[in-house]
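For reference, the chains in residue letters:
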Amino acid sequence: MAHSATKSMFFTLLAVAFVSCMKFACPNYLSTARFSQLPLSIILPLLPLILYFLTSIVARSSASKNLPPGPVSYPLFGNWLQVGNDLNHRLLASLSQTYGAVFLLKLGSKNLAVVSDPELANQVLHAQGVEFGSRPRNVVFDIFTGGGQDMVFTVYGEHWRKMRRIMTLPFFTNKVVNQYSNSWEQEMDLVVEDIKDNEKVRTEGIVIRKRLQLMLYNIMYRMMFDARFQSQEDPLFVQATRFNSERSRLAQSFEYNYGDFIPWLRPFLRGYLNKCRDLQQRRLAFFNSYFIEERRKTMASNGEKHKISCAMDHIIHAQMKGEISEENVLYIVENINVAAIETTLWSMEWAIAELVNHPTVPGEDQR
Ligand code: HEM
């Protein structure tokens, strides 16, 4: 951004110098010829932009020798106006028919290389995985991850590996599946019982999504904190779901793309980013005071011989050994709330919507 600002300041000065020299060297020229038809007040502000566009085109054409092919991109916007906010897999697949297995999209100031070939995907994800190990953060994800203090968006390196090692044991092993599968089944049985026993369900119907959301939170919060929510009206459940869905909305909205892709428009994002910061602060304070601190107290009350009885205890234990910081602990909780809960909820919602829209399919499957 600093680079772009310097560039446009340079061109503004250049434009002012150019017009001043013209005025000095040929005082009559600017007032005669075709210049006189365009007032200086219009030319002057536009000059830096025109010069900026021209140098961008020249820079792009000299750099493009090493870049993959791609649709023609326009100054400032790149290909953004062509692809819009609809950068989905179908559109990318159709573009790869024209431009090949590796092609380049420019979104504002960002270059995006798209790979549409199994062998090349293997190169990116596996053979050269180290090079591609870090997920790029944008302006909003910088806020929601505390500048990469989490596990998902941290930069590839020693700390990246440590965070993954610490999270694997309490979340991603067969032992965990065996240890918790009974509690998962209990939570599922409770959904079926609730639906069967509730007279209202028979007469008025039920928004199944909400009940499944409670099930999912209870499955994950039991694993994470050895805690569960009593009902959909439980005030902590209401707060947790509000915080998480607002976080997803703000992080995945198209509203801030213009400032993310075109850095010099970032000053206009100030209000949006402040909203993100405010939510982030309240959401992390909520996780900390109602769940993490509770686990710390339980562990402290058992002294040196504290028993590790849920994922958070493992993670706090790693922090007590000095492997990670308190912030890392907090951001791991943030990550799991999104990576485990929101994803699964959206997948279930999608599956339900498909069933509702294609009511005969389950029957066909069973035949
Ligand atoms: C239907 C449910 C789920 C979907 C659709 C889903 C999808 C994904 C996707 C697409 C990625 C990115 C993979 C990549 O960048 O290569 C990912 C990563 C991840 N998921 Fe899931 N996920 C689901 C459930 C879960 C659950 C239940 C957990 C935790 C218990 C979880 C934890 C994670 C974590 C920690 C990462 C980051 C891994 C890393 O960077 O090393 N996800 N998930």
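Residues numbered from 1 in each chain as written. Predicted model: local features only at pLDDT ≥ 70, side-chain atom pairs only at ≥ 80, totals over all residues. Heavy atoms only, no water.

An unreviewed UniProt entry annotates the protein as Trans-cinnamate 4-monooxygenase of Salix viminalis. Of the protein, the UniProt comment under Function (unreviewed entry) reads exactly: "Catalyzes the first oxidative step of the phenylpropanoid pathway in higher plants by transforming trans-cinnamate into p-coumarate. The compounds formed by this pathway are essential components for lignification, pollination, and defense against ultraviolet light, predators and pathogens." UniProt, in its Cofactor (unreviewed entry) section for the protein, records the words "heme". (UniProt positions renumbered as here; feature names shortened; annotations may be inferred.)

Student: How should the site of the ligand be read in this particular structure?
Tutor: Around the ligand, the surrounding shell consists of Arg135, Met151, Val152, Arg164, Phe172, Met220, Ala339, Ala340, Thr343, Thr344 and Ser347. Note that a nitrogen atom of the ligand is positioned 3.1 Å from one of the backbone N or O atoms of Ala339. Top contributing element to the shell around the ligand by residue count: helix H15 (residues 326–357), with 5 residues. Among the residues forming the shell around the ligand, the class breakdown is 6 nonpolar, 3 polar and 2 charged. (Near = heavy atom within 4 Å. Polar contact = N/O pair within 3.5 Å; in protein donor to acceptor, adjacent residues only side chain to side chain. Helix = DSSP H or I, 4+ residues; strand = E, 2+ residues; numbered from the N terminus. Nonpolar A, V, L, I, M, F, W, Y, C, P; charged D, E, K, R; others polar.)

Student: I'm lost on the layout of surface pockets in this one. Help?
Tutor: In this approach the atoms are scanned with a rolling probe the size of a water molecule, which exposes any empty space left behind. Of the volumes computed, that of the largest pocket is approximately 850 Å³. Along its surface, the largest pocket is lined by 30 residues, and Leu87, Leu107, Leu112, Pro136 and Phe261 are the ones closest to its centre. Elements that contribute at least two residues to the lining of the largest pocket include exactly helix H3 (80–83), strand E2 (110–115), helix H5 (118–127), helix H11 (235–252) and helix H12 (257–261). When residues of the lining of the largest pocket are assigned to their parent elements, the largest contribution, 6 residues, is made by E2. A class-by-class count of the residues in the lining of the largest pocket yields 20 nonpolar, 7 polar and 3 charged. (1 Å grid on protein atoms, 1.4 Å probe; cavity = no way out; pocket = protein on both sides within 12 Å on 5 of 7 lines; lining within 4 Å. Points joined across faces, edges and corners; volume = space filled by probe spheres on them.)

Student: Sorry, what's going on with the environment of Leu95 here?
Tutor: Relative to the helices and strands, Leu95 is located in helix H4 (residues 89–99). With relative accessibility at 15%, the residue Leu95 sits in the buried group. As a C-alpha pair, Leu95 and Ser116 span 21 residues in sequence and 9.7 Å in three-dimensional space. Once residues within four sequence positions are removed from consideration, Leu95 is found in contact with Val83, Gly100, Phe103 and Leu105. (Buried < 20%, exposed > 50% of the residue type's maximum accessible area, 1.4 Å probe, protein only. Contact = heavy atoms within 4.5 Å.)

Student: Could you clarify how one ought to interpret the pattern of salt bridges in this entry?
Tutor: For side chains of opposite charge, pairing can occur when their charged atoms come near one another. Using the criterion set out here, one finds 18 salt bridges in the structure. The partner of Arg282 in a salt bridge is Asp278, and the shortest N-O contact between them spans 3.3 Å. Of this pair, Arg282 and Asp278 both sit in helix H13 (residues 270–301), 4 residues apart, roughly one helical turn. The closest approach of N and O atoms between Glu323 and Lys321, which form a salt bridge, is 3.6 Å. The network of salt bridges with shared partners includes Arg165, Lys321 and Glu323. (Salt bridge = Lys/Arg side-chain N within 4 Å of Asp/Glu carboxyl O.)

Student: Got a minute to help me understand a negative patch on the surface in this structure?
Tutor: Together, Glu185, Asp189, Glu193 and Asp197 make up a negatively charged patch on the protein surface. Mapping Asp197 onto the fold places it in helix H8 (residues 174–197). (Patch = residues over 30% accessible without salt bridge, like charges linked within 9 Å, V, L, I, M, F, W, Y side chains within 5 Å. Areas by Shrake-Rupley, 256 points an atom, 1.4 Å probe, with all protein chains shown as cover. Lys, Arg positive; Asp, Glu negative; His and termini not counted. Charge placed at Lys NZ, Arg CZ, Asp CG, Glu CD.)

Student: I would appreciate a short explanation of the nonpolar core in the present structure.
Tutor: Side chains of nonpolar character tend, in soluble globular proteins, to be buried together. Core analysis: the biggest nonpolar cluster contains 54 residues, and Val140, Phe171, Tyr221 and Met312 have the highest contact counts within it. Mapped by element, the contributors of at least two residues to this core are helix H6 (139–144), helix H7 (158–171), H8, helix H10 (208–225), H11, H13, helix H14 (311–320) and H15. Of the residues forming this core, the biggest block, 10 residues, is contributed by H13. (Core = buried A, V, L, I, M, F, W, Y, C linked by side-chain atoms within 4.5 Å.)

Student: What's the story with the side chain of Asn79 in this structure? I'm lost.
Tutor: With respect to the helices, strands and loops of the structure, Asn79 is situated in the loop between helix H2 (40–63) and H3. Looking at Asn79, its side chain comes within polar contact range of the main-chain oxygen of Pro71, at 3.1 Å. In contact with Asn79, not counting residues within four places along its chain, are Pro71, Val72, Ser73, Leu104, Leu105, Lys106 and Leu107.

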